[in-house]
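So you can see what is in the structure, the chains are spelled out below.
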Amino acid sequence: MDRQYTYFRPKRAAAWITTIDDLLWPDINIIRKIERMAKGFADAGVDLAINYGFHTRFDFSDYFETLNGYYKNVCDELHKYGIRFMDHYSCNLVERPKPEHFYELHNSERHHVLLHKDPIAAEFAQYAGHRFRDILEKDVRDGSNAYCVYKAEMFCHNNPGFIDMHRKYLERMLAVVPLDAMEVDDMCDYGGLTSCGCDYCRERFRRDYGRELPPLEDRDFWGDTSKPQLSWGNYDNPAFRDWVRCKTDGVHDHIRMIKEVLGDRPLMTCCSGTGPMVLNGLGLNLERFADDLDLVMLENCGMALNVTNWAGKDAEAMLQKDIAANTMGGAPAVALSYQTYEPSAYLGWALARFWGAANWGSTMVGRLSVDPGDIGTPYDLMAPTANWEDRYSPIPENSGEEAADIRIANNLLCRENGHRDENGREHWKDASGWSRACVEHNVGYRFVRFRELSDAGALLRERTPLVLANMGVVSDAQFEAIEAYLAAGGRAILKLPFGTRDEQGFVRPEPLSAKLLAKGYAGLTVTDGDAEDALSAMLEAGVIRPAITQTEGETTWAMRLRRNDGRFFLHILNRALKSVPHPTVRVTETHGGGQIIADIEKTNCGGRVSVILRVPVPERLELRTPERGRLAFPVETEKLADGGTKLTFDLSDITLYAVVQEKTGA
């Protein structure tokens, strides 16, 4: 890895919530509001403020001079406290609600800060010499302006007019506003597979891939268009596979332009998902974009009741951490959680800490059915855990070294080429299934991605088993590296199919699994069960020897070992949690209409827990939790004959999170 991350490392970020009245800047009341908010951020120990509002930025093109002045004022005030500021906006959406969506938009996306154009005025809207109507995406079905779930039309990433307009906006803003970083949102195509069919996209497909975009009636290309549009497409057709790649190419080029303009300021974009195949239709491909990004962010969400079933999110978090660590030069990962009340803010903080990511806390009152009036600011909600952490359990800012007992292959080539097994199951389902099983068994893991799978030296640097589950697409280079790894004594767990297609998605005459199995490698174990059954069998057989083995107590506590600058931390996060719903407030119907979290309860009892660790353990340990303030609790340690160390501690009075760490002081 030649690249090295050299920018600042955020530890604790909070959303800088803007409202429509901020457009009155430099009204003295707005200036005073900026001063109060900056002090609140400082008091909460926040080191990075991230803009939240004026989101669909080109809807505010008539007010850019005012906004630049406002954001300069914000930066100047935050910098007095040593707090950095990151702008965050959508560059390619302009909200254009149809009459039937007008009320819905204004009651489900209020947090965007809404000031969209009148429908007649929108026909003449422009910036820097580019009329918006000339740079919009087109619907592949009928050539009309493409329209997305946010009740918005979209600028086309392949339209040179849009790229020029965005560049000029960035250059103008950066000449005035002393930004420290930028997060450009929606670097994808929210029109999905219904867009974009404009002349520029068609020409790019023709130029780069030698293909024509066919009409929607061509089922050999578009597949079954009676399904939801993100499920369209015939991946058996190489032309459709090329179209998926072409969609990603345009977004990637746009990101590259933004980074060029930003220069030495770090760039981040939003990825609410990285693994599943459905992202192909959005042109959202973080692994391809990562070469031109500096920070990576997982939109973890956090208002809905199901957020307490957090183990399913672990796969996305760990995948993005690996992208940050191994593609982006050791960059920090950022986890965004939307908070309602203190319990959900506590969970968001605990998840970030468990994952070894920077915590970004935000609220999203504008997506609630009503504003209950008692949801605090992001920095107020974060303050209790932030102050406890700084005082009793500070962690160095780097992401630390994790104890990984296995490596799970997540091969991007499977996603890009639309691989599914004979039961219609995609590769990510198996990779993420192994992730969840690891969480439930306290087996440390990390992901191995498509480039590392092509590097035999990289595979051999670690001796932990490599999981190859439902990896139907395998390149020649990957197969050679995996064979070299196994020939040198490496261990792998294989679930078929394997290598039925090449890196371009073409069916191989013979699956590579046949060649692999014919060699009879001693380190190759074949399984046909699901991840839970396979992992249990491997643990029982000793194929996997984890660093953490629980020997006593309830097994609903997830544990993760990490060393930060050599300091020992055993993070403990409860999986047996229950959300307590707010009695009246819900998310708007547009976004599911579900109840929001008011509180969190545990469904287990706690009690004494014993674990055996097979890593070096400090002699003096303590257990701490924000739930018990300044109190520290004893940890019994026992050195075992086989070199392991047994730890015993009591989790009776803990609902959500605790940490075993080295004692400091007398």
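Residues numbered from 1 in each chain as written. Predicted model: local features only at pLDDT ≥ 70, side-chain atom pairs only at ≥ 80, totals over all residues. Heavy atoms only, no water.

Draft legend 1. Local environment of the pattern of salt bridges. Evaluation of the coordinates by the stated rule reveals 53 salt bridges. Measuring nitrogen to oxygen at the nearest pair gives 3.7 Å for the salt bridge that ties Lys33 to Asp21. You can see Lys33 sitting in helix 1 (residues 28-43) and its partner Asp21 sitting in the loop between strand 1 (12-17) and helix 1, a full 12 residues away along the chain. Between Glu402 and Arg562 there is a salt bridge whose closest N-O contact spans 2.8 Å. Taken together, the residues Glu402 in strand 13 (residues 401-402) and Arg562 in strand 20 (residues 557-564) connect sequence positions 160 residues apart. Arg562 sits in the buried class, given a relative accessible area of 3%. (Salt bridge = Lys/Arg side-chain N within 4 Å of Asp/Glu carboxyl O. Helix = DSSP H or I, 4+ residues; strand = E, 2+ residues; numbered from the N terminus. Buried < 20%, exposed > 50% of the residue type's maximum accessible area, 1.4 Å probe, protein only.)

Draft legend 2. Seen up close, helix 18 (residues 531-541). Of all the residues in helix 18, the buried ones are Ala531, Ala534, Leu535 and Met538. Projected down its long axis, helix 18 shows its buried positions confined to an angular sector of 95°, all on one face. Those residues of helix 18 that are buried lie in contact with helix 14 (427-441), strand 17 (492-501) and strand 18 (524-526). (Arc of directions from axis to C-beta. Contact = heavy atoms within 4.5 Å.)

Draft legend 3. Looking closely at the packing of aromatic side chains. Evaluated as defined, the whole model comprises 32 aromatic pairs. Residues Tyr150 and Tyr190 carry aromatic rings whose centres are separated by 5.2 Å and whose planes lie at 75° to one another, so their mutual orientation is edge-to-face. Highlighted residues: Tyr150 in the loop between strand 6 (130-131) and strand 7 (152-154) and Tyr190 in the loop between strand 8 (181-185) and helix 6 (199-209), separated in sequence by 40 residues. Between Phe205 and Tyr209, the ring centres sit 6.1 Å apart and the planes meet at 50°, which makes this aromatic pair tilted. (Phe/Tyr/Trp six-rings, centres within 6.5 Å; stacked < 30°, edge-to-face > 60°.)

Draft legend 4. Inspection of the nonpolar core at higher detail. Counting 147 residues, the largest nonpolar core has Trp16, Trp360 and Trp434 as its most contacted members. The element that contributes the greatest number of residues to this core is helix 11 (residues 342-355), accounting for 9 residues. One finds Leu412, Val473, Leu486 and Tyr521 within the second-largest nonpolar core, a separate group that totals 25 residues. (Core = buried A, V, L, I, M, F, W, Y, C linked by side-chain atoms within 4.5 Å.)

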